[in-house]
Amino acid sequence: MQNIFNKFFYPRSLCIVGASSKPGSLGYELTKCVKDYGFTGKLLLVNPKAEEILGYKCYPTLSEVNDEIDLAIIMVPKQFAEGTIADLVKKKVQAIILVTAGFKETGKDGEDAEKRIIKLIKNSDARLVGPNCMGIISTLPEVKMNATFVAEKPECGKTAFCSQSGAIGAAVLNSLRETDIRFSHFISIGNKADVSENDLLEYWQQDVNTEVLTFYLESFNDGESFIKYFIEDKISKPVVIVKGGRTSSGIKAASSHTGALGSSDKVVDAVMNQFGIIRADDLNDLFNIAKGFENFPLPKGNRVVVITNAGGPAILTVDTLDKNGLVLAELSEETKLKLREIVHPEGSVNNPVDLLPGGSADQFKKVNKIVALDKNVDAIISVFVEPIMVKAFPVIEGINEIDLSKPIFQVVMPLPEFWNEYRKNSKSGKPLFRNPEDPAVVISGMLKFKNRPVKVKRLQPSKSKLNIAGDRKSKFLSHEEVKTLSEEYHLPVIETHVLRFNELETGEFQFPVVLKAVGEKIVHKSEMNAVILNIRNKDELLQKADKMIKNFGKQNIKLNSFLIQPFIRSKFELIVGGFRDPGFGPMIMFGTGGKYVEYIQDSIMYSAYLSDEDIEKMINSTKIGKILQGVRGEASVDLTKIKGAIKSVAQMMLDNTEINECDINPLIVTDENEILAVDIRIKC
Ligand code: ADP
Ligand code: MG
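Everything numeric here is computed off the predicted structure, so don't read it as measured data.

**Topic: a nonpolar patch on the surface**
Together, Tyr596, Tyr599 and Ile600 give the surface a local cluster of nonpolar side chains, amounting to about 400 Å² of exposed area. Here Ile600 is to be found in helix H21 (residues 597–600).

Written as structure tokens, this is what we have:
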């Protein structure tokens, strides 16, 4: 079967429902854009009030259109949108874009109308983009369709761009003549009532004209499905995303430590990092990274040389390296000797290589070539600020001519005339960068893709092991249930006795012990004086237990029973936790634990679809992880057990979708290198 999205991006006929003859109206401007850009397919216009628009015949109603419609774009007033969609579906049109706004984004009535539209679509073979979007562009010569109302003529490239926001989409299109961004496809998806980023991810992965996938998103429709494309190795092209809404207003209310630490933006960061999806901070970075993939070979590693004719910009470039995980390459002696023959005696042959303002086109080219041959170098950033005595164009073009397997990213800060000259006369037209800070971000993005996990074995969900009756949503599991689950997943739980007060009197204990109170309302125990450590004998135990009963009695809090555990000497307290993110599904956390976990802020979050390498990385990216491996002459802690605990919690979160939160805090590491969970909380 033909992919339905081919009808969106390679239509042989386009029907504009709500085309208009009134200049300035969206219906007119969009029609004009389609015409001016030179759409190669058949253009069909529908509007009851016009017979002809811009030289095209106009049909009064859809039913009068006899030609087959590949793609329909709807711009009618919102009260006619539903009817139009019903008509299109009846005509068996499969690709529909609803540009019209006034739906979910406007409140209850709009939301209801949108739901009715989705129902129409779901009951048909059609797919719908929008509503509340600004159209679609396909730049391929065999299509040439600009079905938006931005009258630009985008050049054909290999980057596909999807924007959730229409305004951002328009802003990008408005900037094309200045930014030299080139597209294969552009699409604005608005309210994402049906088609979402997930569909485009899947489509562009297999589209032969697209090499780089870029997105501006404000939300993920179904984050867990999105990351599954990566987990299942279905995506082999670079994916770069700007995700708006970095502030943490969306932090979900949660009662456990893990939940409280996890804000939605941190989750986005975490999963993108884990699965090799590139997150750009802004649109400038997004398109620079895309240009990097499209036009330069992948750097093999992170060793960078900066070549410059001016100190200041080079300093700014060097400052960005470290932030992006890059290092200044150490040039070989041989390279330096060769450079010495070319570089001005007062210039520098160390990295950054400084040719001084007199550095000519010939010198720039030779120096770039020599440096690129050094085996200690993975990438070059050549920075040129146009001085009075050297023209920019020959310098830039000379370096463009170097044909190498290593990328050379050129930053150019020229007089304004340069840009037109470059666009007109450059043979390769390779992208240039305007800010000294730009290339480091590009290199780091490209390396992220190069080093992404491919074909790794990951934990996968299997059968639920939780056996609970009734609706337990938002409730904690009982001590017994936690115990059973912990055994199922081989969590290293400390020996724990659950006893009533009178059983304390008769029980035999190996002192010292810890006494903890259990009750439905007793959650954060130490805050409520419900944990007493280091109890040395029976008398003390009874006395402390009695005091707890009285205390809770006074506060009208029910104390169900007591827990008795051996008192162990902890060397380190860790936290291993899990929570279910509403978008991305089960997440896992590891870090420094104990009572002060929120204040210490030494934790890392990953999706529970963990690989062994992920677990390794989780441990290594926390401070406590480094300490565990031995600092100040100490021996390393047995990491296998810690890794095992992380794996178990992840598996438990994957298997048991009823569980929303889980905390092991602390997982204690003793002086004897024993690893014991002394407090486990699990909530549905
Ligand atoms: P909560 O987190 O509800 O306050 P915990 O059971 O985690 O209660 O106990 C609080 C703190 O007491 C732990 O962070 C740990 O430092 C200490 N602790 C708890 N159980 C033991 C134990 N069996 N041995 C030694 N210390 C313990
Ligand atoms: Mg605790």
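**A word on the pairing of strand S4 (residues 56–59)**
Relative to S4, strand S2 (residues 42–46) is paired through 2 bridges, and the arrangement is parallel. Paired with Leu45 across the bridge in S4 is Cys58. Here strand S3 (residues 52–53) pairs with S4 via 2 bridges, running antiparallel. Within the sheet, the bridge partner assigned to Ile53 lies in S4 and is Tyr56. Taking the residues that link successive antiparallel strands as the turn, the S3-S4 hairpin has 2 residues, and the phi of Leu54 there is positive, at about 50 degrees.

**Here's the deal with unusual backbone geometry**
Omega for the peptide link from Asn351 to Pro352 comes to 0 degrees, which places this bond in the cis form. Positionally, Pro352 belongs in the loop between helix H13 (333–340) and strand S17 (353–354). In this structure, the amide linkage connecting Asn665 to the following residue, Pro666, adopts the cis form with an omega of 5 degrees. Non-glycine residue Asp233 carries a positive phi angle of around 55 degrees. Topologically, Asp233 is positioned in the loop between helix H8 (223–231) and strand S13 (239–243). Phi is positive for Leu356, which is not a glycine, with a value near 65 degrees. Here Leu356 lies in the loop between S17 and helix H14 (361–373).

**Some remarks on the site of ligand 1**
Ligand 1 sits among 21 residues. The nearest are Lys516, Lys525, Ser526, Glu573 and Asp679. At 2.7 Å, a backbone N or O of Lys525 approaches an oxygen atom of ligand 1. Between ligand 1 and the protein, one listed contact pairs an oxygen atom with a backbone N or O atom of Asn665 at 3.2 Å. Contact with the protein chains covers 92% of the free accessible surface of ligand 1, which is 540 Å². With 3 residues, the top contributor of residues to the shell around ligand 1 is strand S27 (residues 661–670). Of the residues assigned to the shell around ligand 1, the class counts are 11 nonpolar, 5 polar and 5 charged.

**Notes on the pattern of salt bridges**
Between side chains of opposite charge, pairing is possible as soon as their charged atoms come close. In this structure the tally under the stated criterion is 30 salt bridges. With a closest N to O distance of 3.3 Å, Glu155 and Arg182 form a salt bridge. Placement of Glu155 in the loop between strand S9 (145–147) and strand S10 (156–163) and of Arg182 in the loop between helix H6 (176–179) and strand S11 (183–188) is noted, with a sequence separation of 27 residues between them. Between Asp612 and Lys647 there is a salt bridge, and its shortest N-O distance comes to 3.0 Å. Of this pair, Asp612 sits in helix H22 (residues 612–620) while Lys647 sits in helix H24 (residues 639–655); the two residues are 35 residues apart in sequence, bridging distant segments of the chain. Overall, the relative accessible area of 32% leaves Lys647 in the partly exposed class. Shared partners join several salt bridges into a network, and the residues in it are Lys122, Arg127, Asp194 and Asp199.

About the thresholds
- Residues numbered from 1 in each chain as written.
- Chains lettered and ligands numbered in written order.
- Predicted model: local features only at pLDDT ≥ 70, side-chain atom pairs only at ≥ 80, totals over all residues.
- Heavy atoms only, no water.
- Patch = residues over 30% accessible without salt bridge, like charges linked within 9 Å, V, L, I, M, F, W, Y side chains within 5 Å.
- Areas by Shrake-Rupley, 256 points an atom, 1.4 Å probe, with all protein chains shown as cover.
- Salt bridge = Lys/Arg side-chain N within 4 Å of Asp/Glu carboxyl O.
- Helix = DSSP H or I, 4+ residues; strand = E, 2+ residues; numbered from the N terminus.
- Pairing = 2+ DSSP bridges.
- Near = heavy atom within 4 Å.
- Polar contact = N/O pair within 3.5 Å; in protein donor to acceptor, adjacent residues only side chain to side chain.
- Nonpolar A, V, L, I, M, F, W, Y, C, P; charged D, E, K, R; others polar.
- Buried < 20%, exposed > 50% of the residue type's maximum accessible area, 1.4 Å probe, protein only.

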